[in-house]
Amino acid sequence: MSTFSTAERVEQSGQPPLTSHDPRRLRLFCGNANPDLAREIGAYLGVPDGPRVIKRFADGELYIQIQESIRGCDVFLIQPTCAPVNDHLMELLIMVDACRRASARQITAVIPYYGYARADRKTAGRESITAKLVANLLVKSGVERVLAMDLHSSQIQGYFDIPCDHIYGSPVLVDYLSTRDLGEVVVVSPDVGGVARARAFAKQMKDAPLAIIDKRRSGHNVAESLTVIGDVVGKTAILIDDMIDTGGTICQGARLLRARGAARVLACATHAVFSPPAIERLSEPGLFEEVVVTNSIPLGPDLHFPQLRVLSVANMLGEAIWRIHQESSVSSMFR
């Protein structure tokens, strides 16, 4: 468990203890996407996951009922829109509608992983910007605030016509890496688009040097790594990205770093999407010393491999939920 945002940290920060809130005013409900994470968040807050019924009719339609009064309550719906994306997104929208019709005071969608985020702009004619479409759906359904973690691009915050609190998984990753004897470290961005993320991560890693992999794509989920910009010889290279999907980009980057003389290679990402054939690629012997991810997306036993390390972001999400409920600063968590 990460040391980020523990109860002791909250006390030191001068925030009121979590037990001081009125449990009748703060409600947590989760869908089927990641119930384990929701339970951890509830344990941190001292608020149990609320009772609800989620079932399907014979034709596959979803039915959701909230099974307690939430009139006038501050409701937080915890649901990453991970695979199966359409099912989990629809589940979230129906939960929102159910809470709105039950007269909740405020409905906050807690989305640890925001699906459809990669299509955040038009790169060719006649394309849909699905990141904006999903934002519109959430707003129209009745969501009044969104809490998201490590969006694929920061501009997605502006797609919402409601408040959007954006938090980062990097403190949890940095907390873990600080316990490891890594020697001389270089933080590596797997592509030019991730330089800002890698630079911020390097700053948190005691101002570690930065390297960039020049990459060229020939199609969706197909990447060709070309060269490394920066010195990696004899160093521990930490590849940092927001997500690992099929693993093609980050694995090609790791091979290139090995070829350029990196002594050790670690991969760090917030969202472990792990679409096939990611497991086969990431578990290749001699490629990664460790693959460090968070539990923003649930990983079944079939998605585990020896190099994998999963860290919990429940404390951080729970702290953000508490601060939103108390109407205090969320951004100060990262200062």
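The structure presented is a predicted model; accordingly, all values stated were derived computationally and were not measured. (Residues numbered from 1 in each chain as written. Predicted model: local features only at pLDDT ≥ 70, side-chain atom pairs only at ≥ 80, totals over all residues. Heavy atoms only, no water.)

1. Quick look at helix H7 (residues 248-259)
Going by this rule: Counting from the N terminus, the helices are the DSSP runs of H or I reaching at least four residues and the strands are the DSSP runs of E reaching at least two. In a helix, the anticipated span is given by 1.5 Å times the number of residues less one.
Relative to the 16 Å expected for 12 residues at 1.5 Å per residue, H7 spans 17 Å between its end C-alpha atoms, a close match to the ideal helical length. The positive-phi residue at the C-terminal boundary of H7 is Gly-261, with phi of around 100°.

2. Some points on the environment of Arg-264
Basically, it comes down to this: We call two residues in contact when some of their heavy atoms are within 4.5 Å. The term polar contact refers here to a pair of N or O atoms within 3.5 Å; inside protein, the definition further demands a hydrogen-donor-capable atom paired with an acceptor-capable atom, and it admits residues adjacent in sequence only when both atoms are side-chain atoms.
Counting through the fold element by element, Arg-264 comes out in strand E12 (residues 264-272). With 82 residues separating them along the chain, Arg-264 and Leu-182 place their C-alpha atoms 8.5 Å apart. Those residues in contact with Arg-264 that lie beyond four places of it in its chain are Arg-180, Asp-181, Leu-182, Gly-183, Lys-235, Thr-236, Ala-237, Arg-258 and Glu-289. Within the structure, Arg-264 has its side chain in polar contact with the side chain of Glu-289 (distance 2.7 Å).

3. What about the sheet that holds strand E7 (residues 164-167)?
Note the cut-off: Pairing between strands is defined by DSSP: at least two bridges between them are needed. Note on method: axes are straight lines fitted to C-alpha atoms, helices fitted across the in-contact stretch only, with angles between N-to-C directions ranging 0 to 180 degrees.
The strand order across the open sheet formed by 5 strands is E1-E4-E5-E6-E7, and the pairing between neighbours is parallel. Here the strands that pair on one side only, and so sit at the sheet edges, are strand E1 (26-30) and E7. Ignoring which end each strand starts from, the neighbouring axes of this sheet average 20° apart. In terms of strand pairing, strand E6 (residues 145-149) meets E7 through 4 bridges, oriented parallel. Opposite Val-146, over in E7, you have Cys-164 as the bridge partner. Packing against the sheet, helix H2 (residues 35-45) makes contact with E1 and strand E4 (74-78), and its axis sits at approximately 165° to E1. Docked against the sheet, helix H9 (residues 314-326) engages E1, E4, strand E5 (106-111), E6 and E7, running at close to 160° with respect to E6.

4. Considering the pattern of salt bridges
Definition in use: Counted as salt bridges are all cases of a side-chain nitrogen of Lys or Arg within 4 Å of a carboxyl oxygen of Asp or Glu.
According to the stated counting rule, one finds 18 salt bridges in the structure shown. Notably, a salt bridge pairs Arg-100 with Asp-97, separated by 2.7 Å at the nearest N-O pair. On the criterion of helical spacing, the pair formed by Arg-100 and Asp-97 is a turn pair, its members being 3 residues apart in helix H3 (residues 85-101). One connected set of salt bridges, linked through shared partners, spans Arg-180, Arg-264, Glu-289 and Glu-290.

5. Some remarks on the pairing of strand E8 (residues 185-189)
The condition that has to hold: Between buried and exposed lies partly exposed: a residue is buried under 20% and exposed over 50% of the maximum accessible area for its type, with that area taken using a 1.4 Å probe on protein chains only.
When you tally the buried positions in E8, you get 5 out of 5 residues, the bulk of the element. Along E8, one buried face is formed by Val-185, Val-187 and Ser-189 and the opposite face, lined by Val-186 and Val-188, is buried too. Pairing analysis gives 4 bridges linking E8 to strand E11 (residues 236-244), with the strands arranged parallel. Residue pairing across strands places Val-186 opposite Ala-237, the latter belonging to E11.

6. Examining the confidence of the model for the chain
Going by this rule: What pLDDT conveys is the predictor's confidence in a given residue, as a value from 0 to 100.
On average, the chain scores 91 in pLDDT, and the residues at 70 or more come to 90%. Under a pLDDT of 50 for its full length, residues 5-13 has, in the predicted model, 15 contacts with residues more than four places off or in other chains. In the model, residues 15-21 has pLDDT below 50 throughout and makes 17 contacts with residues more than four positions away in sequence or in other chains.

7. Brief notes about the packing of aromatic side chains
What counts is decided by this rule: Two aromatic rings from Phe, Tyr or Trp, using only the six-membered ring of Trp, form a pair when their centres are within 6.5 Å; if the ring planes differ by under 30 degrees the pair is stacked, by over 60 it is edge-to-face, and anything between is tilted.
Enumeration over the complete set of coordinates arrives at 4 aromatic pairs. Ring centres 6.1 Å apart and planes at 70° place the aromatic pair Phe-57 and Tyr-63 in the edge-to-face group. In this structure Tyr-63 comes out as partly exposed when scored by relative accessible area, which is 31%. When the centroid spacing of 5.7 Å and the interplanar angle of 85° are considered together, the rings of Tyr-168 and Phe-334 count as edge-to-face. With Tyr-168 in the loop between E7 and helix H5 (170-177) and Phe-334 in the segment after H9, this residue pair connects regions lying 166 residues apart in the sequence. Take Tyr-168: its relative accessible area is 35%, and that puts it in the partly exposed class.

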